[in-house]
Amino acid sequence: MKLRYNAWMAICATVLGGVSCDKSEPTATPTEDAPVIEQVEEIVEEPVTGEAPAVPALSAEERAAKLGFAQYLPADTEMVMSYYNAEQSAKQLQALKLYGVIVGGLEDMGADEMEDDLEEEDMLEDEDLLEDEEILEDETVAPDADEADEDDDAILEDEVIVEGEAGPEEEDERNSAWTLLGREVTIALGKTAAEQTGRLLTMNRRMAYFQARAMGRAAQDYARTGNMEEFSATLASELEIDGLMNALVEDPEAGTALLEQTEIPPLYMAFRANEGELEQNAQLVNGPMAMFAMAGEMAIPVEYETGGVAFIGYKLLGAKIAETLEAERASMDETMNPETVDALLAALRKKNLVVVTGTIGDYVVMMIGGDEKTLVLSPNLGESLVALDEMAFVDPYADRDLVAMIYGDQQLLNTVAKEGGGLGIYALGLREGISGGEALGDTRNIEGLLQIIAEREDALNALGGANDFGLVAFGEDGLKIESIGGYDRGSVDWSRPTDLAHLGGNPDNLLFLNIPSNAVYDEALSSYVEAIFETAYAVTMKASGLEIEAPELEQLKQYGKLFDEKFRVDVLGLWEALSGKFAEGIGNEIALVVDLKGSVPAVPGLPQGVVDEGKAPRVTMVAPVEDRSKLAEAWQQMDVRATSLLGTFSEMRGEKIPMQKPISSERDGMTTWFFAFPFFQDDFLPSVTVSDKWFAASTSKTHALDLIAKAADGGEAGDGVEFYVNFNVLSKYADETLTLIDKYAAEIFPNDSALEEFQENRASYKELVEASRDFDSLHWDARKAGDVIRTSVHFKTK
């Protein structure tokens with residue numbers, strides 16, 4: 001199935017402050033009071049266009065007023081993330097009824113656990129009392145009445161503190177956190193971030209390579225000795241940090257040059273203070289700086305001016321640290337090659353760590369980097385980040401109360417995507433680890449397959465690319481997120497309109513997903529997955545064929561032999577049918593539609609009233625047909641292989657399990673194939689429906705036929721990817737289901753205890769349903785505008 005779509009959106013980063021229920025005008029100033037949540041029973045669909053409103057470009061001054069600390073960042077900043085009004089957003093989140101339900105549930109769980117602990121303690125105490133009963137009776141003296149009263153008063157005072165609001169210390173901690181984080185928090189990476197991130201990722205990839213190589217070498221040792229302890233010893237030796245550092249320094253793709261070039265890129269952290277709280281915020285940020293004062297001569301004070309303000313802090317000197325380590329040189333030489341130690345110390349002598357803090361405007365700022373010359377703020381707006389054309393993505397939202405803003409440079413995104421690595425680097429490391437040894441026998445086939453994994457991964461990654469990324473999140477009927485650019489893996493075909501977008505127009509749909517997949521990407525991904533499975537099979541068969549007596553290998557040998565002799569040919573045939581003929585016969589677009597209007601199957605034991613009155617989910621996937629004859633060929637191959645597999649299972653179980661023959665039905669040129677079972681009916685019938693133009697796989701024949709007919713009738717073409725969830729439909733279904741269970745509870749629950757348990761929990765179920773009414777819908781779409789991708793997300797609340 002061609003279910004591929006782009007998932008680079010940074011939604012999670014903005015959820016904390018994003019669920020806003022504010023119904024005020026967008027330009028209104030946020031208040032300290034949580035807004036009142038309106039109850040809206042009917043959903044009002046607002047199509048997401050994916051296009052930003054056309055507005056004149058903002059000046060640098062206007063952007064500065066909107067974006068806060070970004071106005072002080074230099075123009076060569078490569079990444080910035082700003083989060084606004086977190087305290088206010090948290091209050092709005094807490095105003096949701098679902099938040100109260102979740103918190104109440106957690107508190108109840110904690111109370112239950114505490115009660116269980118107390119009961120256990122009481123039991124232990126009772127046992128101790130029983131054991132010492134005679135001693136207690138002889139020696140216990142009644143306390144003085146006045147002392148007892150004083151003790152009781154103290155206990156009552158403690159109970160008031162436990163049961164009441166948070167204590168003063170806890171409240172101070174909460175206030176301190178919001179003092180620092182409540183208004184705005186900005187984290188940014190300056191110039192060289194992409195370059196240095198690439199070097200760090202290269203080191204990480206090479207470390208992964210060495211770890212996989214260690215696994216291969218340990219496998220050779222295990223095959224030679226048949227001793228698992230030998231395997232563990234080799235692996236532990238190879239993975240020791242000293243050994244990894246030796247390998248890294250000697251590695252031609254990393255080596256000393258990489259170590260010497262690696263620096264800490266400029267890192268900025270800024271916290272906006274409320275009026276009158278700048279000094280308090282500065283104290284909170286400066287607190288950790290005290291540890292540098294304890295570093296002795298390894299750290300020296302630093303003071304300089306940038307952006308028109310003074311910054312002070314410390315510089316941790318690599319040369320001094322290296323000098324200290326030189327005293328331990330003898331012990332280092334025992335575990336690492338002397339050349340490696342020389343290289344590490346030489347690189348360390350050139351590295352410094354600078355940490356400085358200061359205040360500018362309403363902000364307390366901490367800057368971290370390798371050199372204070374790189375830790376700079378912009379001297380004026382004209383040379384700042386906000387003056388760049390790349391920041392124009394924020395301009396259409398100048399009148400919104402932003403929750404978050406994110407900007408990422410194209411080079412940084414490409415570096416993270418390309419240098420991050422995947423299975424390929426592990427495959428190459430394992431390939432080197434097993435090569436050259438004799439214990440595993442001839443490993444050339446596995447080595448070749450591991451090389452193919454890496455090559456196909458590279459081919460898959462080559463289909464992707466990045467543009468500068470910009471994202472804004474703001475509260476408007478819930479949370480809205482608009483983004484432009486970012487990394488595109490190449491999995492979506494943005495070049496053609498979609499033919500199934502109109503299937504999402506039904507207000508009764510619970511969920512709708514429409515994706516036009518990229519045929520080139522699908523083929524590359526299929527080849528990559530095939531190489532992984534083929535390699536896994538080859539490795540398993542090599543391990544199961546080892547001529548060593550080891551308990552841990554016996555079961556693997558049995559399963560490996562069983563699969564190879566009984567199942568391999570048929571499983572391979574099924575895969576070839578699905579990835580070959582079936583994939584060729586289906587078009588490169590799918591629509592997934594889920595509603596809650598299906599019929600309940602007449603399963604034995606289910607009350608007739610539930611069958612007659614209840615509703616069940618219907619899930620249908622629709623796709624265009626490219627070549628119906630190839631679908632027929634794929635089905636024939638799958639039928640032969642499935643029948644053979646069933647025969648194998650029959651042989652193993654010692655009883656014949658005949659392959660069921662599918663039944664077909666025809667309507668308007670559409671053929672539906674399904675298997676007959678007593679409780680199946682048209683509206684609950686797992687089936688496949690196909691015509692010359694359309695294919696559907698569904699849990700309901702009725703739903704599939706209706707959607708294919710609607711697809712054939714056509715409608716307004718779509719563009720890109722669309723995903724939609726209607727929470728109103730879900731709430732209504734939950735209401736109806738709970739009512740139906742109430743009505744037939746005595747028949748549904750098999751015994752009195754089950755019925756009693758349901759009745760005890762019914763109030764909680766109802767509370768959860770009521771809380772879910774806060775949510776209206778979730779709508780996400782992505783489309784290409786010009787050369788860049790635009791995405792829109794609306795998590796709508798009431």
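Everything quoted here is computed from the prediction, not taken from an experiment.

Residues and numbers for the overall build of the protein, please.
Looking only at helices and strands, the protein has 27 helices and 20 strands in total. Buried residues in the protein amount to 41% of all 798 residues. In the protein, of all internal contacts separated by at least 6 residues, the share reaching a separation of at least 24 is 75%.

I'd like to hear about the nonpolar core, residue by residue, with values.
With 35 residues, the main nonpolar core has Leu67, Phe69, Met367 and Met405 as its most contacted residues. With near-sequence residues (within four places) excluded, phenylalanine 69 lies in contact with Glu184, Thr186, Ala270, Ile360, Tyr363, Val365 and Leu377. Val403, Ile406, Leu513 and Leu631 belong to the second largest nonpolar core, which has 29 residues in total.

Pulling in residues and values, what's your account of the side chain of aspartate 221?
Here aspartate 221 lies in helix H8 (residues 193-225). Residue aspartate 221 is classed as buried on the basis of its relative accessible area of 16%. Setting aside residues up to four positions removed in sequence, aspartate 221 forms contacts with Gly226, Glu230 and Thr234.

Can you break down the packing of H8 against helix H18 (residues 423-434) residue by residue, with the values?
Contact geometry of H8 with H18 gives a least axis separation of 7 Å together with a crossing angle of 35°. At the point where H8 passes H18, the crossing takes the right-handed sense. Of the residues in H18, those in contact with Arg205, Arg206, Ala208, Tyr209, Ala212, Arg213, Met215, Gly216, Arg217 and Gln220 of H8 are Ile425, Tyr426, Leu428, Gly429, Leu430, Glu432, Gly433 and Ile434. A per-class count over the contact of H8 with H18 returns nine nonpolar, four polar and five charged.

Outline the pattern of salt bridges, supporting the account with residue identities and numerical values.
Think of it this way: side chains of opposite charge can pair up when their charged atoms draw near. A complete count under the given rule lists 40 salt bridges for this structure. A salt bridge links glutamate 326 to arginine 349; the nearest nitrogen and oxygen atoms lie 2.7 Å apart. Within this pair, whereas glutamate 326 is found in helix H14 (residues 318-326), its partner arginine 349 is found in helix H16 (residues 338-349), the two being separated by 23 residues in sequence. Using a relative accessible area of 40% as the deciding quantity, one classes arginine 349 as partly exposed. Between arginine 496 and glutamate 589 there is a salt bridge, and its shortest N-O distance comes to 3.8 Å. A residue pair is termed long-range when its members are at least 10 positions apart, and arginine 496 in the loop between strand E10 (478-488) and strand E11 (509-516) and glutamate 589 in strand E12 (residues 589-599) qualify at 93 residues. Residue classification places glutamate 589 among the buried residues on the basis of a relative accessible area of 1%. What you see here is one network of salt bridges that share partners, running through Asp399, Arg400, Glu476 and Lys480.

Please provide a residue-by-residue account of the packing of helix H25 (residues 727-743) against helix H27 (residues 752-772), values included.
Where H25 meets H27, the closest approach of the two axes is 10 Å, and the angle between their N-to-C directions is 160°. Accordingly, the angle class assigned to the pair H25 and H27 is roughly antiparallel. For the pair H25 and H27, the sense of crossing is left-handed. In this structure, H25 contributes Ser731, Ala734, Asp735, Leu738, Ile741 and Asp742 to the contact, and H27 contributes Phe758, Arg762, Tyr765, Lys766, Val769 and Ser772. Looking at the contact of H25 with H27, its residues break down into six nonpolar, two polar and four charged.

Describe in detail the packing of aromatic side chains, supporting the description with residues and values.
Counted under the stated rule, the structure contains 19 aromatic pairs. Members of the aromatic cluster, joined through ring pairs, are Phe677, Phe679, Phe680 and Phe684. Directly above the ring of tyrosine 209 sits arginine 206, whose terminal nitrogen or CZ lies 4.2 Å from the centroid.

Hey, could you go over the pairing of strand E7 (residues 363-369) for me, with residue numbers and the actual values?
Across the seven residues of E7, seven count as buried, placing the element largely inside the fold. The alternating pattern of E7 places Tyr363, Val365, Met367 and Gly369 on one face and Val364, Met366 and Ile368 on the opposite face, and all of these are buried. Where strand E3 (residues 267-272) meets E7, six bridges bridge the pair, whose relative direction is antiparallel. Residue pairing across strands places methionine 269 opposite methionine 366, the latter belonging to E7. Where strand E6 (residues 352-360) lies against E7, seven bridges are found, and the strand directions are antiparallel. Following the sheet pairing, valine 356 is matched in E7 by methionine 367.

Break down helix H2 (residues 60-67) for me, with residues and values.
Burial in H2 covers these residues: Ala60, Arg63, Ala64 and Leu67. Viewed end-on, H2 has its buried residues packed into an arc of 105°, placing them on one side of the element. One or two residues past the end of H2 sits glycine 68, with phi positive at roughly 75°.

Kindly report on a negative patch on the surface, identifying the contributing residues and their values.
Where like charges cluster on the molecular surface, the negative patch consists of Asp752, Glu756, Glu757 and Glu760. Along the chain, the position of aspartate 752 falls in helix H27. Taking relative accessible area as the criterion, aspartate 752 reaches 66% and is therefore assigned exposed.

Could you give an account of the environment of valine 622, naming the residues involved and the relevant values?
Following the sequence through the fold, valine 622 ends up in strand E13 (residues 615-624). For the pair valine 622 and alanine 704, spaced 82 residues apart in sequence, the C-alpha to C-alpha distance is 7.8 Å. In this structure, valine 622 is in contact with Leu500, Leu503, Glu589, Ile590, Ala591, Trp694, Phe695, Ala696 and Leu707, ignoring residues within four places of it in sequence.

So, the environment of lysine 796: which residues are in play, and what are the values?
Within the secondary structure layout, lysine 796 lies in strand E20 (residues 788-797). On the basis of relative accessibility, which here comes to 9%, the residue lysine 796 falls in the buried class.

For the pairing of E6, give the residues involved together with the corresponding values.
One ladder, built from six bridges, connects strand E5 (residues 309-317) with E6; its direction is antiparallel. By the bridge assignment, tyrosine 314 is partnered in E6 with valine 355. The turn linking E6 back onto E7 is made up of two residues, and glycine 361 within it adopts a positive phi angle of 60°.

Can you break down the side chain of glutamine 71 residue by residue, with the values?
By the secondary structure assignment, glutamine 71 is in the loop between H2 and strand E1 (79-84). Side-chain polar atoms of glutamine 71 contact the backbone oxygen of glycine 68, separated by 2.9 Å. Filtering out sequence-adjacent residues up to four positions away, glutamine 71 remains in contact with Ala64, Ser378, Leu381, Ser384 and Val386.

Residue-level account of helix H21 (residues 551-585), with values.
Given a rise of 1.5 Å per residue, 35 residues ought to cover 51 Å, and the 47 Å separating the end C-alpha atoms of H21 matches this to within 8%. Of all the bends in H21, the greatest, near 65°, is centred on phenylalanine 567. In the core, the buried residues of H21 are packed alongside H8, helix H20 (519-544), E13, helix H23 (628-653) and strand E17 (694-698).

Which residues make up the environment of threonine 699, and what values do they have?
Along the chain, the position of threonine 699 falls in the loop between E17 and helix H24 (701-713). Between the C-alpha atoms of threonine 699 and valine 619, which are 80 residues apart in sequence, the distance is 5.6 Å. Discounting residues that sit within four places of it in the chain, threonine 699 has contacts with Pro617, Arg618, Val619, Asp683, Phe684, Leu685 and Pro686.

Can you tell me about the confidence of the model for the protein, naming the residues and giving the values?
Residues with a pLDDT of 70 or more make up 84% of the protein, whose mean pLDDT is 83. Low confidence marks residues 133-143, where pLDDT is under 50. Its contacts with residues over four positions away, or in another chain, come to one contact. Across residues 145-168, where pLDDT falls below 50, the model places two contacts with residues more than four positions away in sequence or in other chains.

The rules behind these values
Residues numbered from 1 in each chain as written. Predicted model: local features only at pLDDT ≥ 70, side-chain atom pairs only at ≥ 80, totals over all residues. Heavy atoms only, no water. Helix = DSSP H or I, 4+ residues; strand = E, 2+ residues; numbered from the N terminus. Buried < 20%, exposed > 50% of the residue type's maximum accessible area, 1.4 Å probe, protein only. Contact = heavy atoms within 4.5 Å. Core = buried A, V, L, I, M, F, W, Y, C linked by side-chain atoms within 4.5 Å. Axes fitted to C-alpha atoms, helices over the stretch in contact; angles between N-to-C directions. Left-handed = near helix turned anticlockwise from the far one by under 90°. Nonpolar A, V, L, I, M, F, W, Y, C, P; charged D, E, K, R; others polar. Salt bridge = Lys/Arg side-chain N within 4 Å of Asp/Glu carboxyl O. Parallel < 35°, antiparallel > 145°, perpendicular 65-115°, else oblique. Phe/Tyr/Trp six-rings, centres within 6.5 Å; stacked < 30°, edge-to-face > 60°. Lys NZ or Arg CZ within 6 Å of the ring centre and 35° of its normal. Pairing = 2+ DSSP bridges. Arc of directions from axis to C-beta. Patch = residues over 30% accessible without salt bridge, like charges linked within 9 Å, V, L, I, M, F, W, Y side chains within 5 Å. Areas by Shrake-Rupley, 256 points an atom, 1.4 Å probe, with all protein chains shown as cover. Lys, Arg positive; Asp, Glu negative; His and termini not counted. Charge placed at Lys NZ, Arg CZ, Asp CG, Glu CD. Polar contact = N/O pair within 3.5 Å; in protein donor to acceptor, adjacent residues only side chain to side chain. Expected span 1.5 Å × (residues − 1). Bend = angle between axes of the 7 residues up to and from the residue. pLDDT = per-residue confidence, 0-100.

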